[in-house]
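Working through the structure, step by step
Chain by chain, the residues:
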Amino acid sequence: MSDLETDSKTQEINAAKASPWPEDMRDQIWGDRLLLRFKMKKEMKDYRNFLEEVVKDEAASKNVTNNNCDKTNVAIQDAIPILHHFCTNQLSPYELKELFQLQRSGLTEILKSKYKITSAYAIVFCAVVEQLSNFHHTGYGVDAPPCCNQDFDNEEELFENVLNYDSRVQGFNLGVAENIIIEDSEEEWKVDEKILGVFLKRMISFAGPTLLARAARVENNSHGDNNDDSSDDGDDKDDGQSDYTNNKPSFRSDRRVARLMIARYWADRLIEKYRSMQKQVDHQVSA
């Protein structure tokens, strides 16, 4: 069950069993749920490669040679200030605002076109997206598990808290820039560096080691050594939110995956802009 990539394995299984769907449809939904996470997990290396590329590009531009240029020893967190500088100096605040938007229909299209999942799980995913767009009405708590290390921020929870939804224009969005002039006839956009920082920290987590963050394992020897849930998926104990409520699936883990898809979509757009401008720089240097 490691492909679940979650610390709520047993809760997800129980939620699936409690679903009203026919058994064959339930199996199809379950299989595509695993397939989606498997495909997304395979992409983690691409994000690590990009973050390493950013750090190396910066070192090369400054003619710096150090341990961080070693392919086996690249501190990808060093990409945060570099990408922050890129976003705030190479892109205008309004461009940033436009970048961090995704219509609700676009999320389901990513599932179908990028991950080739069009079965019954696509219908379930539409319900999950509907929950996300109205999350403040659901009464659910934070979906992200408690951070496993109190010395670090919980990137997933921080991102969850700043993710917005606007049904009128923007769809899912981040408030990375705001118009600081009140008059309707004028605009002057300013970057919210705190929210931008939240996204960049979330982007670092795309490199792994796990697809979804896991809560800290709680040692519990009261049941002896016969705990069938002990696995690499982490502890199944209550980490703030169950995958089913009142015997009905809440789709908590699916919402976490959907938010990750949103964040990765924005990361892909940022990567595209960064590489496009880096090509221009390389062309000017070689000219």
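Residues numbered from 1 in each chain as written. Predicted model: local features only at pLDDT ≥ 70, side-chain atom pairs only at ≥ 80, totals over all residues. Heavy atoms only, no water.

**Remarks on the overall build of the protein**
- The helix and strand tally for the protein stands at 11 helices and seven strands.
- Within the protein, the fraction of its 287 residues that count as buried is 44%.
- Restricting the contact set of the protein to residue pairs at least 6 apart, pairs at least 24 apart contribute 72%.
- About 15,600 Å² of surface is accessible on the protein, with carbon and sulfur atoms providing 48% of the total. (Helix = DSSP H or I, 4+ residues; strand = E, 2+ residues; numbered from the N terminus. Buried < 20%, exposed > 50% of the residue type's maximum accessible area, 1.4 Å probe, protein only. Contact = heavy atoms within 4.5 Å. Areas by Shrake-Rupley, 256 points an atom, 1.4 Å probe, with all protein chains shown as cover.)

**Description of the packing of helix α6 (residues 104-113) against helix α11 (residues 252-286)**
- The N-to-C vectors of α6 and α11 enclose an angle of 90°; their axes lie 11 Å apart at closest approach. Looking at the two axes, α6 sits roughly perpendicular to α11. Only Ala 258, Met 261, Ile 262 and Tyr 265 of α11 make contact with α6, whose side of the interface consists of Leu 107, Ile 110 and Leu 111.
- Residues that form the contact of α6 with α11 fall into these classes: seven nonpolar, no polar and no charged. (Axes fitted to C-alpha atoms, helices over the stretch in contact; angles between N-to-C directions. Parallel < 35°, antiparallel > 145°, perpendicular 65-115°, else oblique. Nonpolar A, V, L, I, M, F, W, Y, C, P; charged D, E, K, R; others polar.)

**Section: the pairing of strand β2 (residues 163-166)**
- With four bridges connecting them, β2 and strand β3 (residues 171-174) associate as antiparallel partners. Its bridge partner lying in β3, Leu 163 is registered against Leu 174. (Pairing = 2+ DSSP bridges.)

**So, the packing of helix α7 (residues 120-133) against α11**
- In contact at an axis separation of 10 Å, α7 and α11 are set at 80° when each is read in the N-to-C sense. By the angle class used here, α7 and α11 are roughly perpendicular. Residues Tyr 121, Phe 125, Val 128, Gln 131 and Leu 132 of α7 touch α11, and the partners they reach there are Asp 254, Arg 255, Ala 258, Arg 259, Met 261 and Ile 262.
- Of the residues contributing to the contact of α7 with α11, the split by class is seven nonpolar, one polar and three charged.

**Thoughts on the side chain of Ser 119**
- The topology assignment puts Ser 119 in the loop between α6 and α7.
- For Ser 119, the residues in contact, after removing those within four places along its chain, are Gln 28 and Asp 32.

**Observations regarding the confidence of the model for the protein**
- Looking at the protein as a whole, the pLDDT averages 82, with 73% of positions reaching at least 70.
- Confidence drops under a pLDDT of 50 for residues 220-240, and excluding neighbours within four residues, the segment shows 32 contacts in the predicted structure. (pLDDT = per-residue confidence, 0-100.)

**Overview of helix α4 (residues 79-89)**
- Along α4, the residues classified as buried are Ala 79, Ile 82, Leu 83, His 84, Phe 86 and Cys 87.
- Structurally, α4 contributes buried residues whose contacts are with α3 (44-61), α5 (93-99), α10 (193-205) and α11.

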